Amino acid sequence: HENLHLLSPDEIELAKMLVEMGQSHVFDHWAEPGFDDEEKKGFFDQVARLNSSYPGGLESYIKTARELLADSKAGKNPFDGFTPSVPKGEILTFGDEKFINFEESGVREARKTAFVLVAGGLGERLGYNGIKVALPAETTTGSGFLQQYIESILALQEASGRLAQGDCQTRIPLVIMTSDDTHTRTAELLESNSYFGMEPTQVKLLKQEKVACLDDNDARLAVEPRNKYRIQTKPHGHGDVHSLLFSSGLLKVWHDAGLRWVLFFQDTNGLLFKAIPAALGVSAARQYHVNSLAVPRKAKEAIGGITKLTHADGRTMVINVEYNQLDPLLRATGHDDGDVNDETGYSPFPGNINQLILELGPYIEELTKTGGAIKEFVNPKYKDASKTSFKSSTRLECMMQDYPKTLPPTARVGFTVMDAWLAYAPVKNNPEDAAKVPKGNPYHSATSGEMAIYRANSLILKKAGAQVADPVVQVFNGQEVEVWPRTTWKPKWGLTFAEIKRKVCGSCTISQRSTMVIKGRDVFLEDLSLDGVLLIDAVDDAKVKVRGSVQNKGWILENIDYKDASVPEELRIRGFRINKIEQLEKIYTEPGEFCVEP
Ligand code: UGB
């Protein structure tokens with residue numbers, strides 16, 4: 001009370017709200033007026049931010065927290081009354097006619113799509129000190145995840161524009177959700193790399209705020225241990241992306257500009273854009289309001305399972321069930337073995353890779369009702385079985401894939417299953433944890449993420465008619481991986497299978513120890529026999545044919561130990577580095593027709 005005269009009317013309102021919500025303890029031990037007055041202002045700035053960034057404000061946050069904490073204490077099953085079953089969706093096989101048709105229509109849809117990258121997570125499991133989108137997706141070219149994503153969107157923009165009678169005006173929007181942990185470094189990465197070729201106005205960064213931590217089952221706000229004038233905060237989860245998009249006003253801008261889709265994706269999946277054209281094609285053909293990309297999932301693998309839930313009262317929904325909930329849910333509903341592989345060697349529940357395509361119109365309609373609030377959950381770590389106190393403060397969390405939970409039953413919620421080798425290879429686990437992954441399950445490490453890119457490219461080239469040598473098995477950082485030839489290309493060279501097939505002609509062969517990098521749009525491989533390293537870099541108007549035999553000493557993968565601090569962290573987490581011994585490199589800086597015939 002003695003500090004009241006220091007406060008503005010808005011601050012007094014906030015103080016009242018806190019007291020009414022049973023939070024007067026946050027003012028305990030405040031110094032008398034004249035002491036720490038700046039800190040007190042800082043406290044109200046923080047409370048104002050916490051209040052305005054949460055749909056319904058802090059009051060609503062505290063109320064929801066009390067309800068969810070009571071449910072958690074009572075051990076209430078969030079799926080009470082629901083029976084799980086395997087839902088039906090579109091299952092695609094890479095390279096067949098259906099796939100090629102979906103890819104073509106997906107490229108058409110791309111110019112009506114906004115892309116949203118959720119990149120607010122620090123990636124604690126990976127133990128990398130930088131931001132994950134800056135990590136090289138592979139070290140043959142060193143190109144980072146964000147660079148690859150942006151180059152893929154630009155390639156889609158160009159290809160989509162070409163199909164639409166040469167529309168070169170369209171600029172596909174990209175939103176990146178950041179957090180305090182990633183914002184500055186993401187902005188710097190973009191600025192210092194000229195936005196990787198995008199118009200700066202095409203890219204918008206939306207920063208998510210953290211939410212207040214809670215000390216007990218009454219949802220008492222946790223005060224920072226080292227600063228009594230601050231409330232402790234933690235990340236709220238990737239579900240924030242919906243309310244942020246809604247409050248930014250961007251959805252309306254996109255709708256007015258004639259866009260039809262919003263595509264959400266995560267920070268470290270180097271394969272993602274190989275799956276996007278076909279998935280967009282599926283959304284358009286099936287008129288899905290929600291289309292989740294999925295891959296066959298090994299039972300107990302740490303990705304959610306897409307599940308149909310049918311309630312005793314008749315309600316149904318198709319939704320992601322997180323990996324830690326699927327097994328107990330199955331056991332509780334008569335599946336005594338829980339989450340197990342079937343005769344195919346995979347769980348019957350497709351694995352959610354958290355790439356969602358939402359139809360913009362129905363999305364706006366829904367968010368107008370909800371304000372973008374997503375069903376939350378709480379996961380307190382209790383001190384003991386009485387569940388009365390926590391080991392450390394907790395907070396509410398939400399996930400972007402829970403968006404369909406509030407949709408009416410009429411909503412068309414579907415999914416698209418792609419081959420895992422084509423669509424999904426995230427970089428999430430540090431070397432030690434990856435080495436402990438059960439045999440046969442994916443490592444999801446920097447090592448496996450990079451190797452997956454080479455494998456996917458090799459398999460695509462094979463399907464396009466090239467003879468690509470089989471991989472050898474090598475061990476890096478304690479992980480056994482298949483090492484295929486290191487073939488990579490810029491997205492504009494081959495965005496779809498049909499395009500790649502057109503550029504691989506005659507009888508091409510690539511040996512296992514080879515590396516091939518194509519940085520050019522109109523590069524054609526004709527009867528190429530590669531045993532070594534070939535690098536082609538050409539401007540867009542240079543048409544380059546590569547023929548005949550290329551042979552040289554090439555580039556070799558050398559093991560490194562992740563504990564060796566003298567090696568840069570982005571290499572250590574892979575367990576290898578590339579020793580570049582000899583290569584054939586051709587660079588074309590002028591338009592024209594060229595032939596490489598060594
Ligand atoms: N992220 C944010 O932008 N903000 C946040 O507050 C938190 C994360 P994780 P997670 O694909 O393998 C998800 O931590 O949450 C971003 C799905 O829930 O990598 O454990 C972050 O930057 C799960 O169903 O993953 O698991 C990153 O880009 C499964 O699909 C993204 O959100 C799993 O991903 C995901 O964050 C998976």
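Treat the numbers as computed from the prediction; the structure is a model and nothing was measured.

Another aspect to go through is the overall build of the chain. Each helix and strand in the chain was counted, giving 16 helices and 31 strands. Taking all 598 residues of the chain together, the buried fraction comes to 54%. Within the chain, counting contacts between residues at least 6 apart in sequence, those at least 24 apart form 71% of the total. On the chain, roughly 25800 Å² of surface is accessible, and the fraction owed to carbon and sulfur atoms is 49%. Each charge class in the chain can be summarised by its mean position, and for the 70 positive and 81 negative side chains these summaries are 3 Å apart.

This part takes up the state of the cysteines. Counting across every chain of the model gives 0 disulfides. Free cysteine: Cys-398, not disulfide-bonded; nearest cysteine sulfur from Cys-213 at 14 Å. With no disulfide of its own, Cys-595 has Cys-505 as its nearest cysteine by sulfur position, at a separation of 12 Å.

Overall, the prediction assigns the chain a mean pLDDT of 95, with 100% of residues at 70 or greater. Taken together, the chains of this predicted complex give a pTM of 0.95 and an interface ipTM of 0.98.

Counting across every chain of the model gives 23 aromatic pairs. Ring plane angle 90° and centroid distance 5.0 Å describe the contact between Trp-30 and Phe-43, whose orientation is recorded as edge-to-face. Of this pair, Trp-30 sits in the loop between helix H1 (9–20) and helix H2 (37–52) while Phe-43 sits in helix H2, and the two are 13 residues apart along the sequence. With respect to class, Trp-30 is no different from Phe-43; both count as buried. Members of the aromatic cluster, each reached through a chain of ring pairs, are Phe-27, Trp-30, Phe-43, Phe-44 and Tyr-229. Positioned above the aromatic ring of Phe-524 is the side chain of Lys-543, whose terminal nitrogen or guanidinium carbon lies 5.5 Å from the ring centre. Between Lys-580 and the ring centre of Trp-555, over which it is positioned, the NZ or CZ distance is 4.5 Å.

Structurally, Glu-397 is set in strand E16 (residues 396–398). Apart from the residues lying within four places of it in its own chain, the contact partners of Glu-397 are Pro-235, His-236, Glu-376, Phe-377 and Asn-379.

Looking now at the site of the ligand. Residues in contact with the ligand amount to 24 residues; listed here are only the nearest, Val-118, Gln-208, Glu-322, Asn-352 and Tyr-424. Between the ligand and the protein, one listed contact pairs an oxygen atom with a backbone N or O atom of Asn-352 at 2.7 Å. In the environment of the ligand, an oxygen atom lies 2.7 Å from a nitrogen or oxygen atom belonging to the side chain of Gln-401. In isolation the ligand exposes 710 Å². Once the protein is present, 88% of that is buried. With 3 residues, strand E13 (residues 347–359) is the largest single contributor of residues to the shell around the ligand. Split by residue class, the shell around the ligand holds 9 nonpolar, 11 polar and 4 charged.

With that out of the way, let us pick up the environment of Met-198. Among the structural elements, Met-198 can be located in the loop between helix H6 (183–192) and strand E5 (203–207). The exposure class assigned to Met-198 is buried, which follows from its relative accessible area of 3%. Sequence separation of Met-198 and Ile-153 is 45 residues, and the distance between their C-alpha atoms is 9.0 Å. Excluding its chain neighbours within four sequence positions, the residues that come into contact with Met-198 are Ile-150, Ile-153, Leu-154, Ile-172, Leu-174 and Val-203.

This paragraph deals with the packing of H1 against H2. Close contact between H1 and H2 brings their axes to 10 Å; oriented N to C, the two are set at 70°. Taken together, the axes of H1 and H2 are roughly perpendicular relative to one another. Contact with H1, carried on its side by Glu-11, Leu-14, Ala-15, Met-17 and Leu-18, involves Lys-41, Phe-43, Phe-44, Val-47, Ala-48 and Asn-51 of H2 and no other residues of that element. Split by residue class, the contact of H1 with H2 holds 8 nonpolar, 1 polar and 2 charged.

Another point: unusual backbone geometry. Despite not being glycine, Gln-287 shows a phi value in the positive range, around 50°. Here Gln-287 lies in the loop between helix H9 (272–286) and strand E10 (290–297). The class for Gln-287 is partly exposed, based on a relative accessible area of 42%. One non-glycine residue, Lys-387, adopts positive backbone phi at about 55°. Note on Lys-387: relative accessible area 24%, which makes it partly exposed.

What follows is about the sheet that holds strand E30 (residues 584–588). Working definition: the strands of a sheet are paired by backbone hydrogen bonds and lie parallel or antiparallel to each other. Overall, parallel pairing links the 4 strands, which are arranged E21-E24-E26-E30 in an open sheet. Two strands bound the open sheet, and with one partner strand each, they are strand E21 (486–489) and E30. The mean angle between the axes of side-by-side strands here comes to 5°, regardless of whether they run parallel or antiparallel.

What follows covers the nonpolar core. Within the largest apolar cluster, 108 residues are counted, with the highest numbers of intra-cluster contacts made by Phe-115, Leu-174 and Leu-461. Those residues in contact with Leu-174, other than ones at most four positions away along the chain, are Phe-115, Leu-117, Ile-150, Ile-153, Met-198, Gln-202, Val-203, Lys-204 and Phe-265. If you look at the next biggest cluster of nonpolar residues, it comprises 31 residues, including Met-17, Phe-44, Leu-50 and Tyr-61.

With that out of the way, let us pick up H6. When we look at burial in H6, the residues that qualify are Thr-186, Ala-187, Leu-189 and Leu-190. Buried positions in H6, seen along its axis, are confined to an arc of 160° and lie on one side of it. Within H6, the exposed residues directed more than 90 degrees away from the buried face are Glu-191 and Ser-192. Check the buried side of H6 and you find it contacts helix H5 (145–163), strand E4 (174–178) and E5. Taken from the residues just after H6, Ser-194 is the one with a positive phi, measuring 45°.

Tracing the backbone through its elements, the reader meets Thr-488 in strand E21. When residues no more than four places from it in sequence are discounted, the contact partners of Thr-488 are Glu-138, Thr-140, Thr-141, Tyr-454, Asn-457, Met-516, Val-517 and Ile-518.

As a further point, take the environment of Glu-199. By the secondary structure assignment, Glu-199 is in the loop between H6 and E5. What makes Glu-199 partly exposed here is its relative accessible area of 38%. Separated by 28 residues in sequence, Glu-199 and Arg-171 place their C-alpha atoms 8.2 Å apart.

Before going further, it helps to examine H5. Taking 1.5 Å of rise per residue, 19 residues should cover 27 Å, and H5 covers 27 Å from first to last C-alpha, within 8% of that figure. Counting buried residues along H5, 16 of its 19 residues qualify, which places the element largely inside the surrounding structure. At the exit of H5 stands Gln-165, carrying a positive phi of roughly 50°.

Cut-offs used in this document
- Residues numbered from 1 in each chain as written.
- Predicted model: local features only at pLDDT ≥ 70, side-chain atom pairs only at ≥ 80, totals over all residues.
- Heavy atoms only, no water.
- Helix = DSSP H or I, 4+ residues; strand = E, 2+ residues; numbered from the N terminus.
- Buried < 20%, exposed > 50% of the residue type's maximum accessible area, 1.4 Å probe, protein only.
- Contact = heavy atoms within 4.5 Å.
- Areas by Shrake-Rupley, 256 points an atom, 1.4 Å probe, with all protein chains shown as cover.
- Lys, Arg positive; Asp, Glu negative; His and termini not counted.
- Charge placed at Lys NZ, Arg CZ, Asp CG, Glu CD.
- Disulfide = S-S within 2.5 Å.
- pLDDT = per-residue confidence, 0-100.
- Phe/Tyr/Trp six-rings, centres within 6.5 Å; stacked < 30°, edge-to-face > 60°.
- Lys NZ or Arg CZ within 6 Å of the ring centre and 35° of its normal.
- Near = heavy atom within 4 Å.
- Polar contact = N/O pair within 3.5 Å; in protein donor to acceptor, adjacent residues only side chain to side chain.
- Nonpolar A, V, L, I, M, F, W, Y, C, P; charged D, E, K, R; others polar.
- Axes fitted to C-alpha atoms, helices over the stretch in contact; angles between N-to-C directions.
- Parallel < 35°, antiparallel > 145°, perpendicular 65-115°, else oblique.
- Pairing = 2+ DSSP bridges.
- Core = buried A, V, L, I, M, F, W, Y, C linked by side-chain atoms within 4.5 Å.
- Arc of directions from axis to C-beta.
- Expected span 1.5 Å × (residues − 1).

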